[in-house]
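So you can see what is in the structure, the chains are spelled out below.
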Amino acid sequence: YKHKVIENEGMRGNTINAIISTLHEKNPREEQHSKRVSDISRQFAKRIGLPAIEVSRFKIVGLLHDIGKIAIEEGILNKAGPLASQEMEEIRRHPEIGYRILSSSYEMQELAECILAHHERWDGNGYPKGLKGEQIPLVSRIIALADCFDAMTSVRPYRGAMSVSEAVEEIRRCAGTQFDPVLATQFADLMAGKR
């Protein structure tokens, strides 16, 4: 029985890796984005003094945070113009889809919770659950900062990239509404030092 459980876990892990590969083939920009989110969040977690074991979790959470986009139509992911409300609803499903994919694996259960909450907002106006403040897992709050920063400083089909200083100012502006105010200030300070 134990052997079967372990075998199934290995199969689920292989399935998750196959899903990631498929997402990256479908949208190569996502692969680069995920790697940068992983690196930025790890660097920040280390900077704020999280234990090494916690810092190492950011590598995988950063890489997997958008795994749910595998179920989103490619045309929506790569759309050059603004999204229609129905398309936006479709995009907003990706944290829940990612959660379902990852929660199928016991070893990924805890990470699944963090990925589910990476679009929640400090003020409670995020999705999918409308969590507020410290109800949002710390890992999710950090991933949200890294995710938004990278999205702002990267070229997207619908807009050009912001400069690092513009993105830092936007992070500061959204401290206390979109982002944890303490983490946002620390994150902005770290990124401003990268100029």
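Reading the values: the criteria
- Residues numbered from 1 in each chain as written.
- Predicted model: local features only at pLDDT ≥ 70, side-chain atom pairs only at ≥ 80, totals over all residues.
- Heavy atoms only, no water.
- Axes fitted to C-alpha atoms, helices over the stretch in contact; angles between N-to-C directions.
- Helix = DSSP H or I, 4+ residues; strand = E, 2+ residues; numbered from the N terminus.
- Parallel < 35°, antiparallel > 145°, perpendicular 65-115°, else oblique.
- Contact = heavy atoms within 4.5 Å.
- Nonpolar A, V, L, I, M, F, W, Y, C, P; charged D, E, K, R; others polar.
- 1 Å grid on protein atoms, 1.4 Å probe; cavity = no way out; pocket = protein on both sides within 12 Å on 5 of 7 lines; lining within 4 Å.
- Points joined across faces, edges and corners; volume = space filled by probe spheres on them.
- Disulfide = S-S within 2.5 Å.
- Left-handed = near helix turned anticlockwise from the far one by under 90°.

Visitor: How do you make sense of the packing of helix 6 (residues 94–103) against helix 7 (residues 109–116) when you look at a structure like this?
Guide: The packing of two helices is summarised by the inter-axis angle and the distance between the axes. In contact at an axis separation of 8 Å, helix 6 and helix 7 are set at 180 degrees when each is read in the N-to-C sense. Between helix 6 and helix 7, the angle falls in the class roughly antiparallel. Where helix 6 abuts helix 7, its residues P95, E96, Y99, L102 and S103 lie against Q109, A112, E113, I115 and L116. For the contact of helix 6 with helix 7, a count of residues per class yields 6 nonpolar, 2 polar and 2 charged.

Visitor: Help me out: how do you make sense of unusual backbone geometry in this one?
Guide: The general pattern is negative phi for most residues beyond glycine and trans for most peptide bonds. Across the junction of Y127 and P128, the peptide omega takes the value 10 degrees, indicating a cis bond. Looking at the element boundaries, P128 is found in the loop between helix 7 and helix 8 (138–152).

Visitor: In this structure, what is going on with empty space enclosed by the protein? I would like to understand it.
Guide: Any empty space left between atoms is shown by rolling a water-sized probe over those atoms. Considering all chains together, one arrives at 1 cavity of 30 Å³ or more under this definition. By volume, the largest cavity amounts to about 60 Å³. Lining the largest cavity are A117, H118, E120, R121, W122, I136, S140, R141, A144, Q178, F179 and D180. Of the residues contributing to the lining of the largest cavity, the split by class is 5 nonpolar, 3 polar and 4 charged.

Visitor: Could you clarify how one ought to interpret the state of the cysteines in this entry?
Guide: Here, the word disulfide means a covalent bond between the sulfur atoms of two cysteines. For the structure shown, the criterion picks out 0 disulfides. Left unpaired, C174 is separated from the closest cysteine sulfur, that of C148, by 8.0 Å.

Visitor: Help me understand the packing of helix 2 (residues 28–47) against helix 3 (residues 52–64) in this model?
Guide: Interaxial distance between helix 2 and helix 3 falls to 7 Å at its minimum, and their mutual angle equals 160 degrees. Our classification of the angle between helix 2 and helix 3 gives roughly antiparallel. Between helix 2 and helix 3 the crossing geometry is right-handed. Side by side, helix 2 and helix 3 meet where S34, K35, V37, S38, S41, R42, A45 and K46 of the first sit next to V55, F58, K59, G62 and L63 of the second. For the contact of helix 2 with helix 3, the residue count by class is 5 nonpolar, 4 polar and 4 charged.

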